[in-house]
Each structure stands twice: as structure tokens, then as C-alpha cells.
Amino acid sequence: MIEIINLSKSYGSKQVLSNINIRFDSGKIYGIVGENGAGKTTLFRCLAELEVYDGRIQSDEQNLKGKLGFLTSEPYYLPKITGEEHIYLLTDARKVKVDNLTERNIFQLPLKEYVSNYSTGMKKKLAITAVLLQKNEYFIFDEPFNGIDLESSIIFSAILKKLKDLGKTVIISSHIFSTLKDSCDYIYKIEEGTLSPPFAKESFDELEDEMRQKILMKDIGKIL
Ligand SMILES: Nc1ncnc2c1ncn2[C@@H]1O[C@H](COP(=O)(O)OP(=O)(O)OP(=O)(O)O)[C@@H](O)[C@H]1O
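Residues numbered from 1 in each chain as written. Predicted model: local features only at pLDDT ≥ 70, side-chain atom pairs only at ≥ 80, totals over all residues. Heavy atoms only, no water.

(A) Quick look at the overall build of the chain. Each helix and strand counted, the chain has 7 helices and 10 strands in total. Judged by the C-alpha coordinates and their principal axes, the chain covers about 50 × 50 × 40 Å. Looking at the chain as a whole, 48% of its 224 residues are labelled buried. Considering only intrachain contacts with a sequence separation of at least 6, the fraction spanning at least 24 residues in the chain is 64%. Of the roughly 12300 Å² that the chain leaves accessible, carbon and sulfur atoms contribute 51%. In the chain, the 30 positive side-chain charges and the 32 negative ones have mean positions that sit 3 Å from each other. (Helix = DSSP H or I, 4+ residues; strand = E, 2+ residues; numbered from the N terminus. Buried < 20%, exposed > 50% of the residue type's maximum accessible area, 1.4 Å probe, protein only. Contact = heavy atoms within 4.5 Å. Areas by Shrake-Rupley, 256 points an atom, 1.4 Å probe, with all protein chains shown as cover. Lys, Arg positive; Asp, Glu negative; His and termini not counted. Charge placed at Lys NZ, Arg CZ, Asp CG, Glu CD.)

Shown next, in the form of C-alpha cells:
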């Protein structure tokens, strides 16, 4: 369980998150949606303790940091590092021993090659692989579906379900609503720094309609 209590975050005079309260339970998948700049990544960075914020984040873990895997929307790689080395770097940091990496290479990445030679989607899949192999209890996936091909999306969706079955806590953001609809137990919307009440599965269509209506109200003719 992770609980966020009265969390607010500003960058200088700009308030990005206001009084966020949310609880993430084990064995559940939580989706976070919101327009570009709504504050999704900022919320995730606060959860990963990469930001200073007002409010409190508590969990039933003594060392949440060591059990939280964070797939950032633009993962970082060292120069001149191979896929295999990148994975071992991250798993060694957690003192997790990875046997049989070849078998666990679910996205069939060329792990002996330099990551700098990977395509965008391959880099994303490498980052997903490393976060999974770290054996985390909590997972934050910021835009995991961005840039990955259909087959990999299907594999990743199946992995999400498996994580849920294993009792892990999963928090995920995506602009592709269908991917969240498939996987999530609850979806929250961030708008102007505040969080909506949770939408449960039976109200996902209602949320999607609401978001579509808002977009349709914009006068796209202005640009043409
Ligand atoms: N380091 C920073 N300094 C100043 N402002 C920032 C910083 N990081 C983010 N912001 C601002 O905070 C707001 C929220 O950004 P954030 O990246 O959390 O949005 P997001 O919902 O993840 O957007 P996207 O869907 O585009 O990824 C934006 O207005 C952004 O400009």
C-alpha cells in the first residue's frame, strides 16, 4: 500500500499539484490520465521521492525506494553501455541476481549491442525489462506504451495482469485510453493540478466520453 496525503507541488510560483489524496493498494492497477502538462509525471516523481513536495507519502514498506520500480517516460542510458550491462547495472543496484537473462529477454532485444544503437521502442522495452527484473513490489509506468509496437503492447498488457495476480501495486499513465481500459481497476484524472475521484471499471466509458466531449468542444478550425 502507498498512501499520498495532502500532496501539493509547485515549481517556483507555478502550482502543479494541489492537495492530492490517493491510496494505492496491492494487487490493483491504477491508471492516471490527464492532458499534456496536467501533472502526471510530477506526481510520479514525487512518489519516487525525486521531488520535494508538501504533504506526506506513506507506505507499509520500510524502504519504499528499494521496492519501487519507476519506468520514466524518457528512460536514461549511460553512453557505451550494452542492453545486458544496463540490465545488470539496475538489478545489481537492488542486489537481485538474474539467472538466465536470455530466457527472460521477453522482448527479444539484442542485449549484446550498445543501447545507443537501439531504436526508440527497443530502448523503452529495455527499460521495461530492467524494471521488471528488479523484482519490485511497486511499479510506476509513465507512458509505457509510447513507441512500442503492437506485439510488445500485447505482451506488456499481459505482464500488467500478471503483476496484479502476483499482488503487486501498479500505477500507470497513458494517453492511449484503450490500454488503460484493458488493464486498470481504477482510473483517476488529473486536471488543473487536482485529482478526480476514482473511476471504477463500470464508469470507464463515461470517463472516456467526458474526455472526448471536451476535445470536441475545441475549435480545431482555427488552425486551418
Ligand atoms: N522541472 C520543472 N520546472 C518547472 N516546471 C516544470 C518542471 N517539470 C514540470 N513542470 C511543469 O509542471 C507541469 C506538469 O508537468 P508534468 O510533466 O508533470 O505533466 P504530464 O501530465 O506528465 O504531461 P505529459 O502528458 O506531457 O507528459 C507542466 O506545466 C510543466 O511545465
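(B) Here's a closer look at helix H7 (residues 204-216). For H7, spanning 13 residues, the distance from its first C-alpha to its last is 18 Å, which sits close to the expected 18 Å at 1.5 Å a residue. Buried-residue contacts for H7 involve strand E3 (28-33), helix H6 (177-183), strand E8 (186-191) and strand E10 (199-200). (Expected span 1.5 Å × (residues − 1).)

(C) The UniProt feature "domain: ABC transporter" (unreviewed entry) in the chain, seen in detail. In the numbering used here, UniProt assigns the "domain: ABC transporter" (unreviewed entry) feature to residues 2-217. Spanning residues 2-217, this segment combines 34% helix with 26% strand, and its end C-alpha atoms are found 37 Å apart. (UniProt positions renumbered as here; feature names shortened; annotations may be inferred.)

(D) Molecular detail of the side chain of Lys40. In this fold, Lys40 is placed in helix H1 (residues 40-47). No salt bridge is formed by the buried Lys40; its nearest oppositely charged neighbour, Glu143, is found at 5.2 Å. At a separation of 2.8 Å, a polar atom in the side chain of Lys40 contacts the main-chain carbonyl oxygen of Gly34. (Salt bridge = Lys/Arg side-chain N within 4 Å of Asp/Glu carboxyl O. Polar contact = N/O pair within 3.5 Å; in protein donor to acceptor, adjacent residues only side chain to side chain.)

(E) Local environment of the site of the ligand. In the region of the ligand, the neighbouring residues are Tyr11, Lys14, Val16, Glu35, Asn36, Gly37, Ala38, Gly39, Lys40, Thr41, Thr42 and His175. Within the contact set of the ligand, an oxygen atom lies 3.0 Å away from a side-chain nitrogen or oxygen of Asn36. Side-chain polar atom of His175 to an oxygen atom of the ligand: 2.9 Å apart, as the coordinates give it. Burial of the ligand by the protein chains amounts to 62% of its free accessible area of 640 Å². Elements with a minimum of two residues in the shell around the ligand: strand E2 (14-24) and H1. By residue number, the principal contributor to the shell around the ligand is H1, which donates 3 residues. For the shell around the ligand, the residue count by class is 3 nonpolar, 6 polar and 3 charged. (Near = heavy atom within 4 Å. Nonpolar A, V, L, I, M, F, W, Y, C, P; charged D, E, K, R; others polar.)

(F) Structural context of the nonpolar core. Residues Leu126, Phe141, Phe156, Leu160, Ile172 and Ile187 are the most contacted members of the largest nonpolar core, which totals 37 residues. Looking at this core, the elements that each hand over two or more residues are E3, helix H4 (120-133), strand E6 (138-142), helix H5 (150-165), strand E7 (169-173), H6 and H7. Here the element with the most residues in this core is H4; it accounts for 7 residues. The residues touching Leu126, leaving out its near neighbours within four places in the chain, are Tyr77, Gly83, His86, Ile87, Leu109, Leu111, Val115 and Tyr118. Counting residues in hydrophobic clusters, the runner-up holds 27 residues, among them Ala38, Phe44, Tyr53 and Ile57. (Core = buried A, V, L, I, M, F, W, Y, C linked by side-chain atoms within 4.5 Å.)

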